[in-house]
Amino acid sequence: MAWTAKPNDFYYIQEYLPAGEIPEKFNQMITYYLLDKNVEVKAAVSQKVKELENRKKTDPTCNYVVSESPDGKEFIVDFILSESQGNELSTVEFNVYRYQRVEIKPDQPGVLVCAYSKRAYENEITTFLNRLKDDRVAFINEMISLKIPTVKLSK
């Protein structure tokens, strides 16, 4: 675990990095977001879509796809973001977010988001983008098959 936060009473974040990577310039990261309140999964996904639509106004690379599981209980949002310095891309990031409803305590539902992020910097960006078409499908399939951990909150 590289970082953890509790921005408010019902929202938790944990970030995990591979050995040797640092939060300021990582290549891969797994993040768990937990909304400890009775929120519909579709509402959480809609909030992410709204954030991405706002981001598209200033980030020409930003694009996303929302996929719903056949049973309608889970969603995948995969998206790409970038940052620039001047007219040059400095960072490109691909993300796969898996949203699902979880039972935190008996009769206390919440939403767990498991997120995978992969980044490229400066001179790695072209290769990253060229490979993304094939890598995207693999990343999504891995996220779909990922065994989601059981969530338990301590007091």
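Remember, it's a predicted structure, so these values are computed and weren't measured experimentally.

A. Layout of the sheet that holds strand S5 (residues 74–85). Spatial ordering of the open sheet is given by S1-S2-S3-S7-S6-S5-S4, a layout of seven strands whose pairing is antiparallel. Looking at strand neighbours, the two that pair on one side only are strand S1 (3–8) and strand S4 (63–68), the edges of this open sheet. Within this sheet the neighbouring strands show an average axis-to-axis angle of 15 degrees, counted without direction. Sheet topology note: the S1/strand S2 (residues 11–16) ladder contains four bridges and is antiparallel. Considered in S2, the bridge of alanine 5 is made with isoleucine 13. Contacts between helix H1 (residues 41–56) and the sheet are confined to strand S3 (28–35), S4, S5, strand S6 (88–105) and strand S7 (108–121), with S5 contributing the most and set at about 20 degrees to the helix.

B. Summary view of the packing of aromatic side chains. According to the stated counting rule, one finds seven aromatic pairs in the structure shown. Aromatic pair tyrosine 16 and tyrosine 32: ring centres 6.0 Å apart, planes at 80 degrees, arrangement edge-to-face. Of this pair, tyrosine 16 sits in strand S2 while tyrosine 32 is found in strand S3, placing the two residues 16 residues apart along the sequence. Clustering of aromatic rings is evident, with ring pairs tying together Tyr11, Tyr33, Phe79, Tyr97 and Tyr99. Over the aromatic face of tyrosine 121 sits the side chain of lysine 25, whose NZ or CZ is 4.9 Å from the ring centroid. We note lysine 37 situated over the ring of phenylalanine 10; from NZ or CZ to the ring centre the distance is 4.0 Å.

Calculation rules
Residues numbered from 1 in each chain as written. Predicted model: local features only at pLDDT ≥ 70, side-chain atom pairs only at ≥ 80, totals over all residues. Heavy atoms only, no water. Pairing = 2+ DSSP bridges. Helix = DSSP H or I, 4+ residues; strand = E, 2+ residues; numbered from the N terminus. Axes fitted to C-alpha atoms, helices over the stretch in contact; angles between N-to-C directions. Contact = heavy atoms within 4.5 Å. Phe/Tyr/Trp six-rings, centres within 6.5 Å; stacked < 30°, edge-to-face > 60°. Lys NZ or Arg CZ within 6 Å of the ring centre and 35° of its normal.

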